[in-house]
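# Architecture and fold: a report
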Amino acid sequence: MKREEFTEEKEIFEQHIRKKGLRRTAQRDLILEIFLRTEDHLSSEDLYWLVQKEDPSIGYTTVYRTLKLLTEAGLAREVRFGDGKTYYEHHYKHQHHDHMICTECGRVIEFYSPEIEALQDEMAAKYNFKPIYHNLRILGLCAECQEKAQEVITASGAQPKVRIVGRVIK
Ligand SMILES: [Zn+2]
Ligand SMILES: [Zn+2]
Ligand SMILES: [Zn+2]
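Now for a description of the structure that goes with this document. Note that this is a predicted model, so its numbers are computed, not measured. (Residues numbered from 1 in each chain as written. Chains lettered and ligands numbered in written order. Predicted model: local features only at pLDDT ≥ 70, side-chain atom pairs only at ≥ 80, totals over all residues.)

## Considering the overall build of the protein
Rules: Each helix corresponds to a stretch of at least 4 residues labelled H or I by DSSP, and each strand to a stretch of at least 2 residues labelled E; elements are numbered beginning at the N terminus. Burial is judged by counting other C-beta atoms within 10 Å of a residue's own C-beta: 20 or more means buried, 12 or fewer means exposed, and anything between counts as partly exposed, with every C-beta placed from the backbone. Residue pairs qualify as contacts under a 7 Å threshold applied to their C-beta atoms, which are placed from the backbone.
For the protein, the helix and strand inventory stands at six helices and six strands. Order of helices (α) and strands (β) in the protein, N terminus to C terminus: α-α-β-α-α-β-β-β-β-α-β-α. Looking at the protein as a whole, 14% of its 170 residues qualify as buried. Intrachain contacts of the protein at a sequence separation of at least 6 include 49% that bridge at least 24 residues.

Put into C-alpha cells, the structure is as follows:
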C-alpha cells in the first residue's frame, strides 16, 4: 500500500505550530497523519481511538489539542450534526459542502448544490446580511433506515406513523 505523503498539509501544520511557539513532535505528526488519512467526520474521541490503535501512549488531551491546532491552521473544520458533539472534517483543499444526517443510524451524506448556495446568497443580500459561514443540515432518515422502518411496519401489521394519502382526485 502506498503511503500518502501529505507534504503540503505537513508544511502548513509546521508553520502554524512554529508561529505558536510550539515544537513539532512525533505524536502530533502521527495524529495529523491519521486525521488526513481518514476521510470522514470524526469527533475527538473517534480520532483518539484511531490513534490509540497505532500508538497507545498518546493521550486524549494531546489528540484534542492537536485537533484544535489543525482547525486553527485551516486543515480541519468543525461541524455539528445536532447531537451535541463536535466533529472534524478535512478543510484544506476540500470544497464547501453541506450535510444530510440520518437521525436513526447517524450516517452523514455530503452534498453540494450550486443552486442552494446561490439562493442563500440571494437571501442574505435581500436582508443586507453579510454571510461569513454557513452549515446547512438536513435531518431525516437514510434510504436504509427508511427500508428498515418499512419492514417493521409490515412485520407488525401496524400502520406507519406518517402516511402518504393517495393522489389528489381532480
Ligand atoms: Zn452550503
Ligand atoms: Zn440511517
Ligand atoms: Zn462533511
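Alright, that's what it looks like, and here's the rest.
## Topic: the sheet that holds strand β5 (residues 108–111)
To be explicit about the condition: Strands pair, by our definition, only if DSSP identifies at least two bridges between them. Where helices are involved, their axes are fitted lines through C-alpha atoms of the stretch in contact, as for all axes, and angles between N-to-C directions lie from 0 to 180°.
The strand order β5-β4-β6 describes an open sheet built from three strands, whose pairing is mixed. Single-partner strands in this sheet number two, and they are β5 and β6 (137–140). Here the strands of the sheet are splayed against their neighbours by 20° on average, with no regard to which way each runs. Relative to β5, strand β4 (residues 98–102) runs antiparallel, the two sharing four bridges. From the neighbouring strand, M100 faces β5, where its bridge partner is I109.

## Topic: the sheet that holds strand β3 (residues 86–90)
Strand order in the open sheet formed by three strands is β1-β3-β2, with antiparallel pairing between adjacent strands. Both edges of this open sheet fall to β1 (42–43) and β2 (76–80), since each of them pairs with a single strand only. Pairing of β2 with β3, which is carried by five bridges, proceeds in the antiparallel orientation. Of the residues in β3, the one forming a bridge with R80 is T86. Across the sheet, helix α4 (residues 60–72) touches β2 and β3, and the angle it forms with β2 is around 105°.

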